[in-house]
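In case you want the letters, here they are:
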Amino acid sequence: MVTRVIVSFLFLFLIFRSNVDAANKHIRNRHPCKRLVFFFHDILYNGNNAKNATSAIIGAPAWANRTIMAGQSHFGDLVVFDDPITMDNNLHSKPVGRAQGFYIYDKKDVFTAWLGFSFVFNSTQHRGSLNFAGADPLMNKTRDISVIGGTGDFFMARGVATLMTDSFEGEVYFRLRTDIKLYECW
Amino acid sequence: MVTRVIVSFLFLFLIFRSNVDAANKHIRNRHPCKRLVFFFHDILYNGNNAKNATSAIIGAPAWANRTIMAGQSHFGDLVVFDDPITMDNNLHSKPVGRAQGFYIYDKKDVFTAWLGFSFVFNSTQHRGSLNFAGADPLMNKTRDISVIGGTGDFFMARGVATLMTDSFEGEVYFRLRTDIKLYECW
Amino acid sequence: MVTRVIVSFLFLFLIFRSNVDAANKHIRNRHPCKRLVFFFHDILYNGNNAKNATSAIIGAPAWANRTIMAGQSHFGDLVVFDDPITMDNNLHSKPVGRAQGFYIYDKKDVFTAWLGFSFVFNSTQHRGSLNFAGADPLMNKTRDISVIGGTGDFFMARGVATLMTDSFEGEVYFRLRTDIKLYECW
């Protein structure tokens, strides 16, 4: 009987220990609990394409203007966007949602941006939103940003999104492939 | 004795399994560990209300200015704010903190914004901050954004906040009801 | 035998309970799983220091301009930065990474800002990024913001960063000590 009681306490201690570890550090699983790939399409306003444009410069340094991109790797240009999200790389495919938010070019000697945006889904496949933040050193083939939260179908999600410039045309159009790997699903 | 050892290992295995699951996916509890309702009040500068205004346009597209809101659903207007937070819906109630951050109108054909802000508390009830990010399709009756972190009393918090426009007066005043549900409390 | 089965079920119940608790609330460990201290250095463009400047005003209220800081505690100034990160407080030490993002002064009667930025590491010691967001009431000796995510060496990190103004020179230079405490490591 005494042995059983000791064993019981030992178990309880182990359970407690391993839980603390689970919560803070050790036995996390690096296999995504959900994985999704999307494309989004950004058409920047350049003074002549108001009808098609999905984004526009709304902040710029003292030495620049808000119609064309600034010199020095666009340093200081703040762009707001509302871009269609598609399942494949075709701009004209039926959008499954909108990528909404902003990017700021933040470096003078190379193209790099800081991103804050959401994927807002309102399709038969997905409802809800995913929120993203992170640095985008856009000359790198791939770059990772954070999935910092989610709502609806993506309630409380967290993860990493790998961005890849799938295509671009001068300073007016670019298409980003977004490989979303969620490691916390509820 | 042998049976007991086997049973012990079985238990340990189960503990391990369930912890990995807990960390990544399965047995999360969708019942909030903390719930808080607040109101915050935004008075936008319009050229004539410098004394009372709690927010101002600081970025706008090339075709707009920073004194009055842009056309096309205010697309491209970036607004910074420092708004009082109250426990009830009365602008003149004693504030319990300040809502500080920004919103950007990001869509041409409907009112939608992207929000990045904090609730900064410094009252007898609450000390610390909650940080928020997400899309705010403000024509919807309610919309969910993410609680992406917290400090002080809200150390490491994560959750979802449901926003509701409780009242507004033209383009100068609006009041948001914020129903904060935290699902990760430390 | 019957007793053993009851005890087994009791254990399973306890394991389940404590896991749900671990995931949402109770037995989190407030001891950091990783702690890092860095300094970053911000040199604001003021019209005369284009060569050395690491940041620039890119948004400002209607009553201000983008070359010098606005009155009223710089309310409304949006600054983009790409600042060197060093291990010690010497601006000329070899940088281990770059702090990239933005801050917005968001209050009229006291210096307070809202921060969204990343630490981007590309050194022998660290590779990857840490993403931050939060309110910075910069007249306080220390202030806490959230680590909202990470990539690479900081995969899925979450935590709190304590900022301290280590030095400043007028409105052109400041140095922030950043004490990063991660409580979720993968």
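Residues numbered from 1 in each chain as written. Chains lettered and ligands numbered in written order. Predicted model: local features only at pLDDT ≥ 70, side-chain atom pairs only at ≥ 80, totals over all residues. Heavy atoms only, no water.

**Q** Just checking my understanding: could you explain the overall build of chain A for this structure?
**A** Within chain A one finds two helices and nine strands. When the helices and strands of chain A are read in sequence order from the N terminus, they spell out α-β-β-α-β-β-β-β-β-β-β. Put simply, chain A has 186 residues, and 60% of those count as buried. Total accessible area on chain A stands at roughly 7,600 Å², and carbon and sulfur atoms take up 57% of it. (Helix = DSSP H or I, 4+ residues; strand = E, 2+ residues; numbered from the N terminus. Buried < 20%, exposed > 50% of the residue type's maximum accessible area, 1.4 Å probe, protein only. Areas by Shrake-Rupley, 256 points an atom, 1.4 Å probe, with all protein chains shown as cover.)

**Q** Where do I start with the state of the cysteines in this structure?
**A** Here, disulfide denotes a covalent bond that connects the sulfur atoms of two cysteines. Residues and elements named next belong to chain B. Across all of its chains, the model carries three disulfides over all chains by this definition. Paired through a disulfide, Cys33 and Cys185 show a sulfur-sulfur distance of 2.1 Å. Where Cys33 bonds to Cys185 through sulfur, the torsion about that S-S bond is close to 90°, and the disulfide is right-handed. Of this pair, Cys33 sits in the loop between helix H1 (2-24) and strand E1 (34-43) while Cys185 sits in the segment after strand E9 (173-184), and the two are 152 residues apart along the sequence. For the pair Cys33 and Cys185, one class covers both residues: buried. (Disulfide = S-S within 2.5 Å.)

**Q** What exactly am I supposed to notice about the packing of aromatic side chains here?
**A** A ring pair, where both rings are aromatic, is described by two values, the distance of the centres and the angle of the planes. Residues and elements named next belong to chain B. For the structure on display, the rule yields 69 aromatic pairs over all chains. Taking the centre distance of 5.5 Å and the plane angle of 85° together, the rings of Phe40 and Phe119 count as edge-to-face. Of this pair, Phe40 sits in strand E1 while Phe119 sits in strand E5 (residues 113-122), and the two are 79 residues apart along the sequence. Judged by its relative accessible area of 3%, Phe40 falls in the buried class. Residue class for Phe119 comes out buried when judged on its relative accessible area of 0%. Here the aromatic rings of Phe119 and Phe121 are separated by 6.0 Å at their centres, their planes lie at 80°, and the arrangement is edge-to-face. (Phe/Tyr/Trp six-rings, centres within 6.5 Å; stacked < 30°, edge-to-face > 60°.)

**Q** So what exactly am I meant to see when it comes to the side chain of His41(A) here?
**A** All names here are of chain A. The residue His41 is located in strand E1 (residues 34-43) in this model. At a separation of 2.8 Å, a polar atom in the side chain of His41 contacts the side chain of Thr86. Setting aside residues no more than four positions away along its own chain, His41 makes contact with Thr54, Asp83, Pro84, Thr86, Asp88, Asn89, Asn90, Leu91, Tyr173, Phe174 and Arg175. (Polar contact = N/O pair within 3.5 Å; in protein donor to acceptor, adjacent residues only side chain to side chain. Contact = heavy atoms within 4.5 Å.)

**Q** What is the right way to look at the environment of Thr124(A) in this model?
**A** For Thr124(A), the position within the fold is in the loop between strand E5 (113-122) and strand E6 (127-136). For the pair Thr124(A) and Val96(A), spaced 28 residues apart in sequence, the C-alpha to C-alpha distance is 8.4 Å.

**Q** Would you mind going over the pattern of salt bridges with me for this structure?
**A** Side chains carrying opposite charge are able to pair once their charged atoms draw close together. All names here are of chain A. Counted under the stated rule, the structure contains 22 salt bridges over all chains. A salt bridge links Asp179 to Arg35; the shortest N-O distance between them is 2.7 Å. One end of the pair, Asp179, is in strand E9 (residues 173-184); the other, Arg35, is in strand E1, with 144 residues separating them in the sequence. Its relative accessible area of 7% is what places Asp179 among the buried residues. For Arg35, a relative accessible area of 54% translates into the label exposed. Put simply, Arg158 and Glu184 hold a salt bridge, and the shortest N to O gap is 3.5 Å. Of the two residues, Arg158 is situated in strand E8 (residues 158-169) and Glu184 in strand E9; the sequence distance between them amounts to 26 residues. (Salt bridge = Lys/Arg side-chain N within 4 Å of Asp/Glu carboxyl O.)

**Q** What am I meant to see in the nonpolar core here?
**A** The nonpolar side chains of a soluble globular protein tend to be buried with one another. Leu78(A), Phe102(A), Leu78(B), Phe102(B), Leu78(C) and Phe102(C) are the most contacted members of the largest nonpolar core, which has 39 residues in total. For Phe102(A), the residues in contact, after removing those within four places along its chain, are Leu78(A), Val79(A), Val80(A), Phe81(A), Trp114(A), Leu115(A), Gly116(A), Phe117(A), Phe102(B), Ile104(B), Trp114(B) and Phe102(C). (Core = buried A, V, L, I, M, F, W, Y, C linked by side-chain atoms within 4.5 Å.)

**Q** Could you clarify how one ought to interpret the environment of Phe102(C) in this entry?
**A** Relative to the helices and strands, Phe102(C) resides in strand E4 (residues 97-105). Looking at Phe102(C), the relative accessible area reads 2%, which means it is buried. Spatially, the C-alpha atom of Phe102(C) lies 6.0 Å from that of Leu115(C), the residues being 13 residues apart in sequence. Not counting chain neighbours up to four residues away, the residues in contact with Phe102(C) comprise Phe102(A), Ile104(A), Trp114(A), Phe102(B), Leu78(C), Val79(C), Val80(C), Phe81(C), Trp114(C), Leu115(C), Gly116(C) and Phe117(C).

**Q** How should unusual backbone geometry be read in this particular structure?
**A** Most of the time, phi is negative for any residue but glycine, and the peptide bond is trans. Residues and elements named next belong to chain A. A positive phi is found at His74, a non-glycine position, where the angle reads about 65°. Along the chain, the position of His74 falls in helix H2 (residues 71-74). The class of His74 is buried, set by a relative accessible area of 7%.

**Q** Hey, could you run me through the side chain of Asp82(A) in this one?
**A** Relative to the helices and strands, Asp82(A) is located in strand E3 (residues 78-86). Looking at Asp82(A), its side chain comes within polar contact range of the side chain of Gln100(A), at 3.0 Å. Excluding residues within four positions of it along the chain, Asp82(A) makes contact with Thr54(A), Arg98(A), Ala99(A), Gln100(A), Asp106(B) and Lys107(B).

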